Amino acid sequence: MTKSIYAIMKQLLITLLAILLAFGSFSQNNSIEEEIKELRKKANLLYNEGVRFAEAGEYTEAHLKFDESLFIYPEFSDSYLERAKIKILRQEYDLAMDDIVKAMEINDGLGEAFYIRAYLKLLMKDHQNALTDFTHAIQKGYTEPEVYYYRGLMNFELADYNSALIDFTLSIDKKYDFAYAYNERASSKRMMGDYHGAIHDYKQALAYDSTIIVAYDNRGSCKIKTGDFQGAIEDYTKAIRMDPEYYLALNNRGSAYYQMSNYQLALNDFTKVIEINKEYAPAYNNSGITKIKMENYLGAEKDLDKAIKLNPEYGEAYMNRGYAQEFLGKFPDACADWKMAKELGIEEAAKYITECE
Amino acid sequence: MKIIKSTILSFVILFIVGQISIAQENVKIKKADFQIEIKEVGFTDAWKEIKEGEKLFTAGMGTYPNALEHYLRANKYNSDCAKLNYKIGVCYLVTDKFYYATEYLEKAYLKDNNVTGDIYYMLARAYHLNLDFDNAIENYKAYYSSFSVKELEKFEVGVDNYIRQCKYGQDLVNKPVRVIINNLGDRVNSEYDDYNPVLHPNQDKLYFTSRRETENKEKRLEADNKYFENVFVSEQAGDLWRKAKMVENKLDSKNNVALLAISPDANKIYLYNGEENGGDIMVSELKNGIWKSPKSISGKLLSKSKETTIAFNPERNEIFIVSNMDGSIGGMDIFYSKLDDKEKWSEPINMGAAINTIYDEEGVYWHPKEDKLYFSSQGHNSMGGFDVFVIERDENGMWSNPVNLGYPINTPNDDIFFKMDETNKYAYYSSVRDIGFGGKDLYKVIFLGEEKELKLSIEDIFLAWNYKSIDNMFYHEPGEIKVDTALFMVGLVTDAKTGDSIQMAKIELIDLEASQVVATGLTDTSGVYKIKIPKKKDFGVEVTAKDYLYFVEMVYLSQKQVVDSKVQANFQLDKIDVGATMVLNNIFFETNKATIKPESTTELERLANLLIENPTIRLEISGHTDNIGSYRANQKLSESRAKSVVEYIVSKGVGSSRLEYKGYSFNQPIADNNTAEGRSQNRRVEFKVLSK
């Protein structure tokens, strides 16, 4: 069926070219323009069909429609863009890039083309170039809320939290119930030290979409910063209930218990984290320091050994193991660990090293 | 009232100071005190235990632990016998399970507050040892006041020093030093007293003195009914110490022998011989691999008094000894002597009243590398028993004042024979602690240096995008945003006083019919905002900004002129300053009541949010009425309404200390009470910023 359509279209194109070659007059050109207009119309119909298939999630059919559309009318930039989107979904990033570039060659004023290329770069973790392309998309008039949202993500990834905050705000201005944008704006505020503002935004995110687990986890961490440990534990618990394997929330809840001096509950959580992810070094570190608080220095040393084995550049774990070894009276070992911690960038280790000397 | 005097202790032993320096009453438990009339079963066996316990108790402190076992078995028959509880408490006091003493002594007192003449004293001792200094002081005072003036004139009761110790203890416990104190374990320590650790210069052997039972079946010392002293040694094996063995008594003495010190080259040992002159220091030299017979230390150091511990400075031309020889300020004191040109020790000189006290000093020890002398004292600011002190000599040869090494190295019990390592990281000493094996035990102190912060690792997925990507961005567009046809509300948000633009102010457009926010916007750095309006109709608008009071108003967009798809609305905000007030227009109450109507929720939530987002501010919530009705009735109503608002806000998690409420009746009208509209405005709740 598809092959036969291709064959017909191909025949049509060949016929068209033959006519163009045989007759060179103005009147004949008029007729060609009409033909082109007709072909474009047909290509557009196929393009619309493709979009409908894509919106229904039938990407294979959609892809074929865009192929056919481009076969009939190879200068149809919209079809290239739509086909690029499907290729992105299929993770055929290089092929997608070819289509986007083609669309841009045909029409360099397409804001959406920049947007899609930016998104592709985002997926490829090329944050700086993605940021540039999102900005170009906006400059060319493509100002959907998602563009600001994704540019906000890039600014966040590049640690420009103020710009990220502005982008997320612009995105929320355009789409007031954009829950993810509230979450990311909250995280930007958090990174800038505005914990109360962040808590407010996490709350908004959850009001519009109560399934954003990370918003509970993140709000919990902000509450810790404001001293509301109980509120934090409740938030972490909500996140854990929604996803019992979400070990970061478990690790954070354990940390909250630790900071409340409830060491047994803290240890229970860190132990669960290790059960879920045996390779997660921070859980061994936290379990280790909790054991120090519980005066189980040998147990602590063992956990911290494991943390360092998993991550040999884990400065904090060296600091903490030094502490455990100090309690065990192993001063030379403690000093060696603090020296290592300093080499790994933990500046405060320097003053402990002076004790060794 | 029977006066209890200090027991005179034997001079033949290196160290004997019990946990109870004043001997306790040996009150006899009579059958009538103990037997329960209606409980025949078990009495015969229990009474046998009492009799056995009494025998061991009377024998002396050394057998208190054995007496305790019998008393505890008897206690199962009758746990309400005051005298038995007293004796169990006293037995516990002399063990390292002294923390059980309080329970039994309190019970003894409860059952009979005259159970013995010294019950207050024993209670005080129990509280003192358990760091309950307030109760200890109270009971020491009660004990003191139980004596008549005549009795006090005749005998020295001696609780003043204990009270002082309690006060010092309160200070020391509040400033603990950073150390770990580890028991050397049951291979070294025994259920008996073990003390006076002496580390071999090679650090591989630990000598110490013990009063444990040995195969030689020594007699017990009459003064305390404990076994005589013997020297033991334990060898180091990695991190552990091997099982301690008794060192053969080379002095062939029938009395006590203790090893006091080993010279740095390990060619001389200094011994305590309890047989000579009431206790003397002797020295034995190693010649050709053989230890020579110990001789009394030479020259003028010899006295007929008791000399116990000894220490040399690193140059070994100064010696420090503990003795009660002539010239002592009180009991055992520290004396020093210098080596003269003829290699003879000079006449010992008392180190003076700044170092020696009227109480005992003991356990003198010189730091291996520094000009520091460690010793224990019952005086100075000891928190009880012997505490360890250090003095330091400056370049001019002047000694500093003694410094208490602090809690938890020192305790209300005896902490003594402290030996600091040359690195200042470790020390060995003798102490009585609840982690012991019985009596005094040997402990290793690990000095931790300054407080170090432990590093927690907390990680978050900051971006929801990173946790779970948003569903396909391309084919789930909301679709309702049609920018081409949109209408915008634009304007400026400024400070009401200064006119400065406010950035990051949030503007929320509220559809009052649907009770929901339909659009939001933020001001840019110029204070300008732009919001897309879904429909040109009247909206409520709420404007909030950090450090500003919120602003709520109706915006009648339907009446505003549209220019270039935009309608203009500017807002001014008041800064949160002390004294700033705001009328809460949308709080409604039931008529003549303080019950808040449900439609007030939004305004109340807004107020709660203001407090939550500005966590330092304090507000006064005030109620106001019109002038209809009496002042008193209106005052009551206005106050109740203000209180209701405060209660609601507090229920939202705001600390009650941040809110005050007041009722002003009709004293503060803001409009004319002669018109219905004016009266309506006067009926209001408002807030005032008290502090920020």
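Every residue gets a number counted from 1 within its own chain, in the order that chain's sequence is written. Following the order in which they are written, the chains are lettered starting with A and the ligands numbered starting with 1. Totals for whole chains, interfaces and linings use all residues, but because this is a predicted model, local features are given only for residues with pLDDT of at least 70 and pairs of side-chain atoms are given and counted only at 80 or more. Processing note: side-chain calculations cover all non-hydrogen atoms of the structure and skip hydrogens and water entirely.

Undergrad: Sorry, what's going on with the overall build of chain A here?
TA: Secondary structure elements are defined from DSSP: runs of H or I of at least 4 residues count as helices, runs of E of at least 2 residues count as strands, and each element is numbered from the N terminus. Of regular secondary structure, chain A possesses 20 helices and zero strands. Computed over C-alpha atoms, the radius of gyration of chain A comes to 29 Å, more than 25% over the 21 Å expected from 2.2 N^0.38 for 357 residues, which places it beyond the range of a compact globule. The C-alpha extent of chain A, read off along each of the three principal axes, is 100 × 40 × 35 Å. The 357 residues of chain A split such that 53% are buried. We take the radius of gyration over the C-alpha atoms and set the globule estimate at 2.2 Å times the residue count to the 0.38 power. Working definition: with a 1.4 Å probe on protein chains only, accessible area under 20% of the residue-type maximum means buried, over 50% means exposed, and in between means partly exposed.

Undergrad: How do you make sense of the pairing of strand β2 (residues 194-199) of chain B when you look at a structure like this?
TA: Along a regular strand, successive side chains alternate from one face of the sheet to the other. Residue and element names in this part refer to chain B. Among the six residues in β2, five count as buried, and that is most of the element. In terms of strand pairing, β2 meets strand β3 (residues 205-210) through four bridges, oriented antiparallel. Bridge pairing links Asp194 to Ser210 in β3. When DSSP locates at least two bridges between a pair of strands, those strands are taken to pair.

Undergrad: Even after reading the chapter, I still don't get the sheet that holds strand β22 (residues 441-447) of chain B, so can you show me in this structure?
TA: Where strands meet in a sheet, backbone hydrogen bonds hold them as pairs that are either parallel or antiparallel. Residue and element names in this part refer to chain B. Strand order in the open sheet formed by four strands is β1-β22-β21-β20, with antiparallel pairing between adjacent strands. Of all strands in the sheet, those with a lone pairing partner are β1 (179-183) and β20 (416-420), marking the two edges. Pairs of neighbouring strands in the sheet enclose a mean axial angle of 20°, with direction left out of account. For β1 and β22, the ladder comprises five bridges, and the chain directions are antiparallel. The residue bridging Ile180 from the neighbouring strand is Ile446, located in β22. To obtain each axis, a line is fitted to C-alpha atoms, and for helices this fit is confined to the stretch in contact; angles are then taken between N-to-C directions over 0 to 180 degrees.

Undergrad: Which parts of the structure should I look at to understand the sheet that holds strand β18 (residues 387-392) of chain B?
TA: All names here are of chain B. With antiparallel pairing, the four strands of this open sheet are ordered in space as β16-β17-β18-β19. On the outer flanks of this sheet lie β16 (361-366) and β19 (403-404), each paired with one strand and no other. Relative to strand β17 (residues 372-377), β16 is paired through four bridges, and the arrangement is antiparallel. If you follow Trp366 over to β17, its bridge partner there is Leu373.

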